[in-house]
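Observations on chain architecture
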Amino acid sequence: MLNEEAAGKAPRTSLHGHWSSRMAFILAVTGSAVGLGNIWKFPYIAGENGGGAFVLVYLLCVFLIGLPVMMSEILIGRRGRRNPVATMALLGEEEGHSRRWRWVGALGIIAGILILSYYSVIAGWTLAYVQKSLFGVFTGTTAAQVDTIFKNFTGNWVALAFTHTLFIGCTTLVVARGLERGLEQAVKFMVPSLLLLLLALLGYAITSGSFAQGVSFLMTPDFSALTWDGVLAAMGQAFFTLSLGMGAVMAYGAYLPKETSIAGASVAVVIADTIIAILAALIIFPLVFANNLDPAEGEGLVFVTLPLAFGQMPGGVVFASLFFVLLAFAAWTSALGVMEAAVAFLVERFYRTRAQAATMTGGLIWLIGLGTVLSFNVLAEFKFLNGTIYDNVDYLTSKIILPLSGLLITVFAAWVMCRNSTADELGGAGSSYRLWHFLARFVAPAAIIVIFLQAVGALG
Ligand code: TRP
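Residues numbered from 1 in each chain as written. Predicted model: local features only at pLDDT ≥ 70, side-chain atom pairs only at ≥ 80, totals over all residues. Heavy atoms only, no water.

1. Things to note about the overall build of the protein
A tally of helices and strands in the protein yields 18 helices and zero strands. Relative to the globule expectation of 23 Å for 460 residues, the C-alpha radius of gyration of the protein, 22 Å, shows essentially globular dimensions. By principal-axis analysis of the C-alpha atoms, the protein measures approximately 70 × 50 × 40 Å. When each of the 460 residues of the protein is scored for burial, the buried share is 59%. If you sum the accessible surface of the protein, you get close to 17,900 Å²; carbon and sulfur atoms cover 67% of it. Distance between charge centres in the protein, computed from 25 positive and 24 negative side chains, equals 9 Å. (Helix = DSSP H or I, 4+ residues; strand = E, 2+ residues; numbered from the N terminus. Rg over C-alpha atoms; globule rule 2.2 N^0.38 Å. Buried < 20%, exposed > 50% of the residue type's maximum accessible area, 1.4 Å probe, protein only. Areas by Shrake-Rupley, 256 points an atom, 1.4 Å probe, with all protein chains shown as cover. Lys, Arg positive; Asp, Glu negative; His and termini not counted. Charge placed at Lys NZ, Arg CZ, Asp CG, Glu CD.)

Right, here's the structure in full:
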């Protein structure tokens, strides 16, 4: 086999050390994957796209596209052992192609900055909801009151700008200091606690009276409710929720020890992420139907249904505060990873200090984020292309840039890299390798291209 030893070189190692264990890697990737995407975004876009059929397409996208793309990202990351831009350039050259593949890494960094710009605003909402929960604002409220609380809050641009600033400020501070060990600890406790709390909420949702209706909304596919744009949304969500298409997972892969199974770790992460998203939806939709709310309510869905439920249950103040704290935490661990990618690149490329690079990136993200802040109030009626500024940033990232860069990454791994290199990383040419190779070569690229062209109407 043509690995580094055979070529007479020492095995490549990362400058930043390696994960302490296989579990540490899985937790780190899961911490990046589990975030607002699972709990806030998945239920609201599933609701907007009619439920069942969307969920089915989403699951297909996660396993047939997301999983092979994730394995491709990790194997590229581990082989290159550098930041995504440098890794793509290095492997492009090493595999006898071109250093220009580095632009794929660069595309990811642009996507990361754009994603964080609105991610930070929504994470700010969770911070504000921690405060509202602690003050018992939701106790005994009706559906109409909770809706008014949400509309009044998002209608107030100063409040949104404040919480957005708070969130991106904290993220910038931590990234500037390079606090990685603390992160591993935080994730270790955060993901399991979130899971436990979600299970408790599921228990509540089951007794809410409309559980069957919620389940049937999610599990009965009604394909007439699904458009090609909905299919594109499902695919974009698969990329978004698994943190794919912007080199985040690639960067983590760079620290993965050689013996760890990439397929095993990827499957673990994908399953954990999917369980959390489905759990969130199983909690939200029964509550939606029990309270005669609209499943297609949009960005506010989680912020209206859950406080309503918390307001009615015993111990609701504690549950609500705990839930929004954990959600803010989950958002934070995801945001740190996205920002780290951009900062690591700036540090290595432009020789700035971490603090300078983080301040510049944080400032830029903050500025762009003001567009999302204003999308819910002052500029709510200012619509172009796909809607408000927020709608456009979301469309551009989830539905265009992430699938495009995911496509390029997979094509690189499955077509440009030679079989010896990929089989070396994926542990030999057994059946799991052949399955990956088939999915990454044909199924994922074809699906991404067809879904994209259908959605923009190019196939008529
Ligand atoms: N996956 C995270 C979520 O579901 C968001 C996220 C973190 C992300 N890192 C990313 C999305 C990288 C795209 C790319 O909330």
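2. Brief notes about the packing of aromatic side chains
Going through the model one piece at a time under the given rule, you end up with 28 aromatic pairs. Judged by centre distance (5.0 Å) and plane angle (80 degrees), the rings of Trp-125 and Phe-376 are edge-to-face. Pair noted here: Trp-125 is in helix 5 (residues 102-134) and Phe-376 is in the loop between helix 15 (354-375) and helix 16 (389-416), with a separation of 251 residues, a long-range link. By the burial criterion, Trp-125 is buried, and Phe-376 matches it. An angle of 25 degrees between the planes, with centres 5.4 Å apart, marks the rings of Tyr-129 and Phe-138 as stacked. Lying over the aromatic face of Phe-240, Lys-41 brings its terminal NZ or CZ to 4.2 Å of the ring centre. Taking NZ or CZ as reference, Arg-441 lies 3.8 Å from the ring centre of Trp-415, over its face. (Phe/Tyr/Trp six-rings, centres within 6.5 Å; stacked < 30°, edge-to-face > 60°. Lys NZ or Arg CZ within 6 Å of the ring centre and 35° of its normal.)

3. With respect to the environment of Ala-53
As for its position among the elements, Ala-53 is in helix 3 (residues 52-80). A relative accessible area of 1% means that Ala-53 is categorised as buried.

4. Some thoughts on unusual backbone geometry
Its identity is not glycine, yet Ser-243 carries a phi of approximately 60 degrees, on the positive side. At Leu-385, a residue that is not glycine, the phi angle is positive and equals roughly 45 degrees. In this fold, Leu-385 is placed in the loop between helix 15 and helix 16. Looking at Leu-385, the relative accessible area reads 78%, which means it is exposed.

5. Some remarks on the nonpolar core
Counting residues in hydrophobic clusters, the biggest one holds 161 residues, and the most contacted among them are Phe-25, Phe-54, Met-70, Ile-76, Trp-125, Phe-323 and Trp-436. At 18 residues, the largest contribution of residues to this core is made by helix 12 (residues 262-290). Not counting the four nearest positions on each side in its chain, Trp-125 is found in contact with Phe-150, Phe-153, Thr-154, Leu-160, Thr-163, Glu-299, Phe-303 and Phe-376. (Core = buried A, V, L, I, M, F, W, Y, C linked by side-chain atoms within 4.5 Å. Contact = heavy atoms within 4.5 Å.)

6. A word on the confidence of the model for the protein
Here the protein averages 91 in pLDDT, while 95% of its residues score no lower than 70. Contacts for the low-pLDDT stretch residues 1-8, under 50 throughout, to residues beyond four places or in other chains number ten contacts. (pLDDT = per-residue confidence, 0-100.)

7. Considerations on the site of the ligand
In the neighbourhood of the ligand, 16 residues make up the surrounding shell, with Ala-33, Gly-37, Tyr-119, Phe-240 and Ser-243 lying closest. For the ligand, an oxygen atom lies 2.9 Å from a polar atom in the backbone of Ala-33. Protein chains bury 99% of the 360 Å² of accessible surface belonging to the ligand in isolation. Of all the secondary structure elements, the ones that give two or more residues to the shell around the ligand are helix 1 (22-33), helix 2 (36-48), helix 5, helix 10 (228-241) and helix 14 (316-350). It is helix 2 that provides the largest number of residues to the shell around the ligand, a total of three residues. In terms of residue class, the shell around the ligand is built from nine nonpolar, seven polar and no charged. (Near = heavy atom within 4 Å. Polar contact = N/O pair within 3.5 Å; in protein donor to acceptor, adjacent residues only side chain to side chain. Nonpolar A, V, L, I, M, F, W, Y, C, P; charged D, E, K, R; others polar.)

8. Quick notes on the side chain of Asn-377
Looking at where Asn-377 falls in the secondary structure, it is placed in the loop between helix 15 and helix 16. A polar contact of 2.8 Å, which involves the side chain of Asn-377, links it to the backbone oxygen of Thr-154. Setting aside residues up to four positions removed in sequence, Asn-377 forms contacts with Thr-154, Gly-155, Asn-156, Trp-157 and Leu-160.

9. A look at helix 12
Over its 29 residues, helix 12 runs 43 Å from end to end, which matches the ideal 42 Å to within 8%, given 1.5 Å per residue. Taken across its 29 residues, helix 12 has 22 buried, putting it largely inside the fold. Between a side-chain oxygen at the N-terminus of helix 12 and the backbone nitrogen of Ala-263 the separation is 3.5 Å; the capping residue is Ser-261. Asn-292 lies just past helix 12 and shows a positive phi near 55 degrees. (Expected span 1.5 Å × (residues − 1).)

10. Quick word on the side chain of Glu-95
Looking at the element boundaries, Glu-95 is found in the loop between helix 4 (84-94) and helix 5. Although Glu-95 is buried, it forms no salt bridge, and the closest oppositely charged side chain is Arg-79 at an N-O distance of 4.3 Å. What Glu-95 contacts, discounting residues up to four positions off in sequence, is Arg-79, Val-416, Met-417, Cys-418 and Ser-421. (Salt bridge = Lys/Arg side-chain N within 4 Å of Asp/Glu carboxyl O.)

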